[in-house]
Amino acid sequence: MLGLIISNAHAQAANPAQPNAIMSMLPLVIVFMIFYFLMLRPQKKQVEEQKKYLASLQKGEEIYLKSGIIGTVYGITDKVVTIEVEGGVKLKVLKSYIAGSAKDIFTPKAKEA
């Protein structure tokens with residue numbers, strides 16, 4: 001009789017419940033989704049806006065560079081932009097180093113409530 005009780009105990013312990021594979025991957029999927037919506041998506045949107053701005057760049061527009069130089073567009077090619085700074089000095093810079101329009105610097109932003 002004692003042997004029957006022990007064998008039943010071993011039979012029950014041999015089959016532990018296996019976790020579902022999908023449920024074990026769920027936290028990883030959730031973390032990736034949070035990472036995508038908080039970091040990757042806004043960065044991709046910002047890069048697209050920068051490309052649109054550079055494509056619409058025109059001669060005579062006042063811009064600023066990532067290095068902090070402010071000047072007026074004098075000439076444009078596919079990869080290089082010539083800007084004119086104070087005193088008629090002309091600088092050739094890569095188009096990718098243009099940060100934005102100088103209007104953005106000089107116009108105050110409205111405070112959000």
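Before any of the text, the structure's been laid out above.
Let me begin by describing the structure that accompanies this report. (Residues numbered from 1 in each chain as written. Predicted model: local features only at pLDDT ≥ 70, side-chain atom pairs only at ≥ 80, totals over all residues. Heavy atoms only, no water.)

Points about the overall build of the chain
Logical step 1: Regarding its fold elements, the chain presents three helices and five strands.
Logical step 2: Seen in sequence order, the chain has helices and strands lined up from the N terminus as α-α-β-β-β-β-β-α.
Logical step 3: Relative to its 113 residues, the chain shows a buried fraction of 15%.
Logical step 4: When contacts within the chain are restricted to residue pairs at least 6 apart in sequence, those whose partners lie at least 24 apart make up 33%.
Logical step 5: Within the structure as shown, the chain displays about 9,700 Å² of accessible surface, and the carbon and sulfur contribution to it stands at 63%. (Helix = DSSP H or I, 4+ residues; strand = E, 2+ residues; numbered from the N terminus. Buried < 20%, exposed > 50% of the residue type's maximum accessible area, 1.4 Å probe, protein only. Contact = heavy atoms within 4.5 Å. Areas by Shrake-Rupley, 256 points an atom, 1.4 Å probe, with all protein chains shown as cover.)

Focus: the sheet that holds strand E4 (residues 90-94)
Logical step 1: The strand order across the open sheet formed by five strands is E4-E3-E2-E1-E5, and the pairing between neighbours is antiparallel. Strands with a single pairing partner mark the edges of an open sheet, and in this sheet they are E4 and strand E5 (98-101). Sheet twist, expressed as the average angle between the axes of neighbouring strands with direction ignored, equals 45°.
Logical step 2: Summarising the sheet, strand E2 (residues 70-76) and strand E3 (residues 80-84) pair through four bridges and their orientation is antiparallel. Note that in E3 the partner of Gly 75 across the bridge is Thr 82.
Logical step 3: The sheet contacts of helix H2 (residues 21-55) involve strand E1 (62-65) and E5, and relative to E5 the element is tilted by about 75°. (Pairing = 2+ DSSP bridges. Axes fitted to C-alpha atoms, helices over the stretch in contact; angles between N-to-C directions.)

Details of the side chain of Ser 101
Logical step 1: For Ser 101, the position within the fold is in strand E5.
Logical step 2: On the accessibility criterion, Ser 101 (9% relative accessible area) is buried.
Logical step 3: In contact with Ser 101, other than residues within four places in its own chain, are Tyr 53, Glu 61, Glu 62, Ile 63 and Tyr 64.

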